[in-house]
Amino acid sequence: MILGGAFSASVAEGKGADSVSVMSGPAGDTARMNLKECVDYAMEHSYKMMIQRLANDDRRLDERDAYLSFLPSISASIGGQASFGRNIDPETNIYTTTTSFSNSYGVSGGMYVFNGFKIVNNYKIAKTARALGYEETQQLKDEIALAVIQAYYNVLYNEKMLALTQAQLDASQANLELVAKEYELGRKSLADKSDIEAEVAEYSYNLVKQRNALESSYITLREAMQYPYSEPLAIETGTGDDAELNLMADKESIVSTAKDRLPAARIAEYNIRTAKASFNSAKWSLLPSISLSGGYSTGYNALAGAGAANSPFWAQMKNLQGQYVGVSISIPVFNGLYQQSEIGRKRNAWRKAQWEYEAKMLEIESEVTRAVADMEGAAKEWLSAQKRLEARKISHAQSEKRFANGMISAIELQTNTNLLLEAQATLLNALYQYNIKSMVVRYYSGIPYADQLNQE
């Protein structure tokens, strides 16, 4: 058996794999999906991908904010006030009992001239985080694609095995009918008839067991695809029965490519850049920060009531103008050694990221080595399984002739038939394992799984 499993199917007795039906209707009513269509569906409907896209959008906004922080901050204000009773006359600066109205207008702005390159480092961090998000997206796509590929091939394996099991049951039932007739004619004993009946019962049990395995494998495929359980699902079963063997692979070249192109490697590299920028920002925070500020203000005042002499609005706006410009210097003197501790923490984070990068490079090399070995081993197993199956077919054909001539018992024929089924299952398993392992090797060679399917 290979890899994980996925959904539901039923097979009418006496029919082959083409009679498999899934969920709410026969296979003829359900469009069968190939591997590329399954992967594309998973990419489009994955909740993890939707969450990752939102995270990438957040990082885009963070980068925009970091870029705009280079510009000055500007604010405007406007205010109005009505006063009743004793108030200061703005013209004479003497308390009077009257009603007055005043409003004010102002614009102010400020910007950092120097703040230890904090803005520059924050922009570097935000820019790296956005690039990191793209690599995380590609890594997630690859993980989703591989999960669907494994689940798809497991469904395909169980579909084929269901057809083989059904064929064996049909052959066993045909043998039972033949032996039953010969028993009535006195040519076969009751023991021979009972052995065949036991064989039919065994294959019937295996058929039920294989249906359950197919149902489980479809569930796993639905889960990997995020496919709704309320809709029928079926895959194409007429593909995947052949492969182009590659018994040797240039491991050194693949390792070099994987270290340079794999999303996991790029993520580890971006983590170093982020940690270094954070460390630089912490170091420069010990320096003074310099900022500029400036502003403009004006206003208008009026007294209510008869006989109130108020200057014209625009005259007051001109006469009450005020401006200011300021320079501020902030010098860190002592804050409980917090900044020194922060520098130490950021330095440790940078060093940690460097060691994690080295560990990731070693891990990638190990993964590539294992993947190449698995692919080459699967290719050799497939070739060996083909020879084994051919030998088993010849042996089974001879056993059937010997059983028909009464030279062997039904139990011996069943044993030989079981060995043939095992050889067929081994060949299917070896083939699908090789297909998966070869795709993994091509992935490490710099070709994402989705691109591999587009090339087919």
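Note that the structure is predicted; figures quoted are calculated from it, not measured.

### So, the overall build of the protein chain
Across its full length, the protein chain holds 10 helices and six strands. Considering the protein chain as a whole, with its 456 residues, one finds that 38% of them fall into the buried category. For the protein chain, the share of sequence-separated contacts (at least 6 apart) that also reach a separation of at least 24 residues comes to 81%. As displayed, the protein chain has an accessible area near 25,400 Å², and 54% of this comes from carbon and sulfur atoms.

### A look at the pattern of salt bridges
Side chains that differ in sign of charge can pair as their charged atoms come close. Counted according to the given criterion, the structure contains 14 salt bridges. Here Glu252 ties to Lys251 by a salt bridge, and the two come within 4.0 Å at their closest N and O atoms. Put simply, Glu363 and Lys360 hold a salt bridge, and the shortest N to O gap is 3.4 Å. Here Glu363 and its partner Lys360 are both found in helix α8 (residues 338-404), three residues apart, which amounts to about one turn of the helix. The class for Lys360 is partly exposed, based on a relative accessible area of 23%.

### Let's talk about a nonpolar patch on the surface
A contiguous nonpolar patch, built from Met111, Val113, Leu292, Val327, Ile329, Ile331, Val333, Phe334 and Leu337 and spanning about 940 Å² of accessible area, is present on the exposed surface. Mapped by element, the contributors of at least two residues to the nonpolar patch are β4 (100-114) and β6 (322-330). By the element assignment, Phe334 lies in the loop between β6 and α8. For Phe334, a relative accessible area of 66% translates into the label exposed.

### Quick word on unusual backbone geometry
One non-glycine residue, Gln226, lies in the positive phi region at around 60 degrees. You can see Gln226 is positioned in the loop between α4 (190-225) and α5 (251-261).

### As for the sheet that holds strand β5 (residues 289-303)
What the four strands build is an open sheet, ordered β1-β4-β5-β6; its pairing is antiparallel. Whereas interior strands pair on both sides, the edge strands pair on one side only; in this sheet they are β1 (73-83) and β6. Within the sheet, the average angular offset between the axes of one strand and its neighbour, ignoring direction, is 20 degrees. One ladder, built from 11 bridges, connects β1 with β4; its direction is antiparallel. Bridging from a neighbouring strand, Gly79 pairs with Ser104 of β4.

### Remarks on the packing of helix α3 (residues 118-184) against helix α6 (residues 263-284)
Two elements in contact, α3 and α6, have axes separated by 9 Å at closest approach and are oriented at 165 degrees. If you check the angle between α3 and α6, you find them roughly antiparallel. For α3 against α6, the interelement crossing comes out left-handed. From α3, Lys118, Asn121, Lys124, Ile125, Thr128, Ala131, Leu132, Glu135, Glu136, Gln138, Gln139 and Asp142 reach across to α6, where they touch Pro263, Ala264, Arg266, Ile267, Tyr270, Asn271, Arg273, Thr274, Ala277, Ser278, Asn280 and Ser281. Class assignment for the residues of the contact of α3 with α6 results in eight nonpolar, nine polar and seven charged.

### Describing the packing of helix α1 (residues 35-45) against α3
In the contact formed by α1 and α3, the axes pass within 9 Å of each other and the chain directions differ by 140 degrees. By the angle class used here, α1 and α3 are oblique. Crossing of α1 over α3 shows right-handed handedness. Side by side, α1 and α3 meet where Leu35, Cys38, Val39, Ala42 and Met43 of the first sit next to Lys141, Ile144, Ala145, Val148, Ile149, Tyr152 and Tyr153 of the second.

### Focus: the environment of Arg53
Secondary-structure assignment places Arg53 in helix α2 (residues 47-68). For Arg53 and Thr137, which are 84 residues apart along the polypeptide, the C-alpha to C-alpha distance reads 7.7 Å.

### Quick notes on the nonpolar core
In this structure, Leu221, Met225 and Tyr444 are the most contacted members of the largest nonpolar core, which totals 74 residues. At the level of secondary structure, the elements contributing two or more residues to this core comprise α1, α3, α4, α5, α8, α9 (410-444) and α10 (449-455). Element by element, the count of residues in this core is highest for α9, at 18 residues.

### What about the pairing of β4?
Within a regular strand, the side chains alternate between the two sheet faces. Relative to β5, β4 runs antiparallel, the two being bridged by 14 bridges. Bridge pairing in β5 links Gly109 to Gly294.

### Thoughts on the packing of aromatic side chains
For the structure shown, the criterion picks out 14 aromatic pairs. Both rings, one in Tyr443 and one in Tyr449, keep their centres 4.6 Å apart while their planes meet at 10 degrees; by these two values the pair is stacked. Tyr443 gets classed as buried once you look at its relative accessible area, which sits at 12%. The exposure class of Tyr449 is buried, given its relative accessible area of 2%. Within the aromatic cluster, the residues linked to one another by ring pairs are Tyr67, Phe70 and Tyr123. One Lys or Arg, Lys193, reaches over the ring of Tyr183 and ends 6.0 Å from the middle of that ring.

### Considering α5
Along α5, the residues classified as buried are Ile254, Val255, Thr257 and Ala258. Within α5, the buried residues cover an arc of 165 degrees as seen down the axis, which keeps them to one side. Every exposed residue of α5 that faces more than 90 degrees away from the buried side is listed here: Glu252 and Asp260. Here the buried face of α5 lies against α6, α8 and α9.

How each quantity is defined
Residues numbered from 1 in each chain as written. Predicted model: local features only at pLDDT ≥ 70, side-chain atom pairs only at ≥ 80, totals over all residues. Heavy atoms only, no water. Helix = DSSP H or I, 4+ residues; strand = E, 2+ residues; numbered from the N terminus. Buried < 20%, exposed > 50% of the residue type's maximum accessible area, 1.4 Å probe, protein only. Contact = heavy atoms within 4.5 Å. Areas by Shrake-Rupley, 256 points an atom, 1.4 Å probe, with all protein chains shown as cover. Salt bridge = Lys/Arg side-chain N within 4 Å of Asp/Glu carboxyl O. Patch = residues over 30% accessible without salt bridge, like charges linked within 9 Å, V, L, I, M, F, W, Y side chains within 5 Å. Pairing = 2+ DSSP bridges. Axes fitted to C-alpha atoms, helices over the stretch in contact; angles between N-to-C directions. Parallel < 35°, antiparallel > 145°, perpendicular 65-115°, else oblique. Left-handed = near helix turned anticlockwise from the far one by under 90°. Nonpolar A, V, L, I, M, F, W, Y, C, P; charged D, E, K, R; others polar. Core = buried A, V, L, I, M, F, W, Y, C linked by side-chain atoms within 4.5 Å. Phe/Tyr/Trp six-rings, centres within 6.5 Å; stacked < 30°, edge-to-face > 60°. Lys NZ or Arg CZ within 6 Å of the ring centre and 35° of its normal. Arc of directions from axis to C-beta.

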